[in-house]
Amino acid sequence: MASAEVSHPSGNATDLLKKCSELKEALRFEKSRIADTHLSEATADVEEVAADCPLLTMKQRKILKGHHRKVLHFDWCADSRHLLSGAQDSFAFVWDGFTSHKEFELQLQEDTWVTSCAYAPNGVVIALAGMHSKCVVYRIDSKDTIKSTQTRRTVGTHNAVITSCTFLRSDQQLLTASADKTCALWDVERIQPILVFKGHTRDVLGLDTHPKEPFSVFASASSDHTVRIWDIRTGKCVIKFDGHDSDVNAVRFFPTSESIGTASGDGTCRLFDLRADQEISIYTAASILFGASSLDFSKSGRIMFVGYNDYTLRAWDTLKVFVYSIVCSWFHPF
């Protein structure tokens, strides 16, 4: 039988790499040409937030004490009253935010850090992820059922530590991120993966789901200095944002869902627009010498709260791009 002819692409690998570099440069040029203004300039006529705005008068309200080592993650329940926290002491606590009382206590595994935790929207299911590369789901209907082994199940397992987990607006599907460079979507009832999202070249450090389409789109932050937007239906990355010079520790969708905010170890936060497919603002200052570890937006998105590794919390005006207020904590970093 005659062997089939194999067609080879014209040029060698060096030529192909050169063409890729030229295309990337052409895309950068086109994006820079379209970006004809800065966000702070475009919003110059917008009024500043009133100085007496409650969001800007930040002060300590409650102290929840119980963990013996560093708290690594927390998540609010949908009722805006209960809080779930996980720490390096291998324990997770469910708190009553009004009374500061501890309602439930769970130990993930002895000598295993709880690296991430998440509340399901129904308020009776929680997920705990740890250094043992597993994500465990519990039902917390009552203090009696929480002790039963039937209320605990290992839903997902990665090849490295799980850094983040979140429910997709139901208690049936769970999204996880890991240091094995992947994200995964899990079926909680069947205890099996639905999709695995591959593309990052280093640890995936953070996740956030789309505010309006949580079952279709999510964002991931990675130590490869990039943020990626994923289509859950196809399992593919649809947008990649770069620009940071260090690990991207956190990512959050803007409340309108048209942009994302990022916090990085390079000390900057950035706002990327999904429609323009590029960065539209950067939040930094000469006085900021440490990395940013976490961020979140106010309900309107006008204020961006950022936690830094120098034990400070800064409230940024998202539009005007300046710091309204700073809260310092000399004992524990945010």
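Residues numbered from 1 in each chain as written. Predicted model: local features only at pLDDT ≥ 70, side-chain atom pairs only at ≥ 80, totals over all residues. Heavy atoms only, no water.

Undergrad: Mind showing me how you'd approach the overall build of the chain here?
TA: Broken down by element type, the chain carries two helices and 24 strands. In terms of overall dimensions, the chain is globule-like: its C-alpha atoms have a radius of gyration of 22 Å, near the 20 Å expected for 334 residues. If you line up the chain on its principal axes, its C-alpha atoms span 70 × 70 × 30 Å. A burial count over the chain gives 46% of its 334 residues as buried. Considering only contacts in the chain between residues 6 or more positions apart, those separated by 24 or more positions represent 40%. Entry remark: accessible area of the chain is about 18,200 Å², with carbon and sulfur atoms responsible for 52%. Computed over 37 positive and 41 negative side-chain charges, the inter-centroid distance for the chain is 4 Å. (Helix = DSSP H or I, 4+ residues; strand = E, 2+ residues; numbered from the N terminus. Rg over C-alpha atoms; globule rule 2.2 N^0.38 Å. Buried < 20%, exposed > 50% of the residue type's maximum accessible area, 1.4 Å probe, protein only. Contact = heavy atoms within 4.5 Å. Areas by Shrake-Rupley, 256 points an atom, 1.4 Å probe, with all protein chains shown as cover. Lys, Arg positive; Asp, Glu negative; His and termini not counted. Charge placed at Lys NZ, Arg CZ, Asp CG, Glu CD.)

Undergrad: Explain the nonpolar core here, please?
TA: One recurring pattern in soluble globular proteins: nonpolar side chains tend to sit buried together. One finds C269, Y283, M304, V306, Y308 and W316 to be the most contacted residues of the largest nonpolar core, which totals 16 residues. Counting residues per element, the ones that place at least two in this core are β19 (269-273), β21 (292-297) and β22 (303-308). Among all residues touching C269, those that are not within four sequence positions of it are T262, A263, S281, I282, Y283, A292, M304, V306 and Y308. (Core = buried A, V, L, I, M, F, W, Y, C linked by side-chain atoms within 4.5 Å.)

Undergrad: Where do I start with a nonpolar patch on the surface in this structure?
TA: A grouping of L72, W113 and M131 is seen on the molecular surface, where their side chains present a nonpolar patch of about 250 Å² in accessible area. Position of M131 among the secondary structure elements: in the loop between β6 (125-130) and β7 (134-139). For M131, a relative accessible area of 43% gives the class partly exposed. (Patch = residues over 30% accessible without salt bridge, like charges linked within 9 Å, V, L, I, M, F, W, Y side chains within 5 Å. Salt bridge = Lys/Arg side-chain N within 4 Å of Asp/Glu carboxyl O.)

Undergrad: In this structure, what is going on with the sheet that holds strand β4 (residues 102-107)? I would like to understand it.
TA: Within a sheet, each strand pairs with its neighbour through backbone hydrogen bonds, oriented either parallel or antiparallel. Read across the sheet, four strands follow the order β1-β2-β3-β4 without closing on themselves; strand pairing throughout is antiparallel. The open sheet has two edge strands with one neighbour each: β1 (71-76) and β4. Along the sheet, successive strands turn relative to each other by an average axial angle of 15°, direction set aside. Pairing geometry for β1 and strand β2 (residues 82-87), over five bridges, is antiparallel. The residue of β2 that forms the bridge with V71 is A87. (Pairing = 2+ DSSP bridges. Axes fitted to C-alpha atoms, helices over the stretch in contact; angles between N-to-C directions.)

Undergrad: I tried to follow the packing of aromatic side chains on my own but got confused; where do I start?
TA: Throughout the structure, instances matching the rule amount to nine aromatic pairs. Ring centres of F197 and F218 lie 4.9 Å apart, and the angle between their planes is 80°; this geometry places the pair in the edge-to-face category. You can see F197 sitting in strand β12 (residues 192-198) and its partner F218 sitting in strand β14 (residues 217-222), a full 21 residues away along the chain. Just as F197 is buried, F218 falls in that class too. Taken together, F91, F93 and W95 form an aromatic cluster joined through their ring pairs. Here K102 stacks its cationic end above the ring of F93, 4.1 Å away from the centre of that ring. Sitting above the plane of the Y308 ring, R314 keeps its charged end 4.9 Å from the centroid. (Phe/Tyr/Trp six-rings, centres within 6.5 Å; stacked < 30°, edge-to-face > 60°. Lys NZ or Arg CZ within 6 Å of the ring centre and 35° of its normal.)

Undergrad: Just to check I follow, could you spell out unusual backbone geometry for this structure?
TA: Leaving glycine out, the prevailing phi sign among residues is negative, and the prevailing peptide bond configuration is trans. Residues other than glycine seldom take positive phi values, yet S90 does so here, at roughly 75°. When you line up the elements, S90 lands in the loop between β2 and β3 (91-96). A residue is classified by how much of its surface remains accessible, and S90, at 1% relative accessible area, is buried.

Undergrad: Is there a simple way to think about the sheet that holds strand β23 (residues 312-317) in this case?
TA: Read from one edge of the open sheet, four strands run β21-β22-β23-β24, paired in antiparallel fashion. The open sheet is flanked by β21 and β24 (322-328), the only strands paired with a single partner. The average undirected angle you get between the axes of adjacent strands in this sheet is 20°. Here β23 runs beside β24; their pairing, made up of six bridges, is antiparallel.

Undergrad: Looking at this structure, how should I read the pairing of β3?
TA: The buried fraction of β3 is high, at five of six residues. Two strands pair when backbone bridges link them, and β2 and β3 are joined in this way by five bridges, in the antiparallel orientation. Paired with L84 across the strands is V94, a residue of β3. With antiparallel pairing between neighbouring strands as the criterion, β2 and β3 make up a hairpin whose turn holds three residues, including S90 at a positive phi of roughly 75°. Two strands pair when backbone bridges link them, and β3 and β4 are joined in this way by five bridges, in the antiparallel orientation. From the neighbouring strand, A92 faces β4, where its bridge partner is L106. Count of turn residues in the β3/β4 antiparallel hairpin: five residues, of which S100 carries a positive phi of about 70°.

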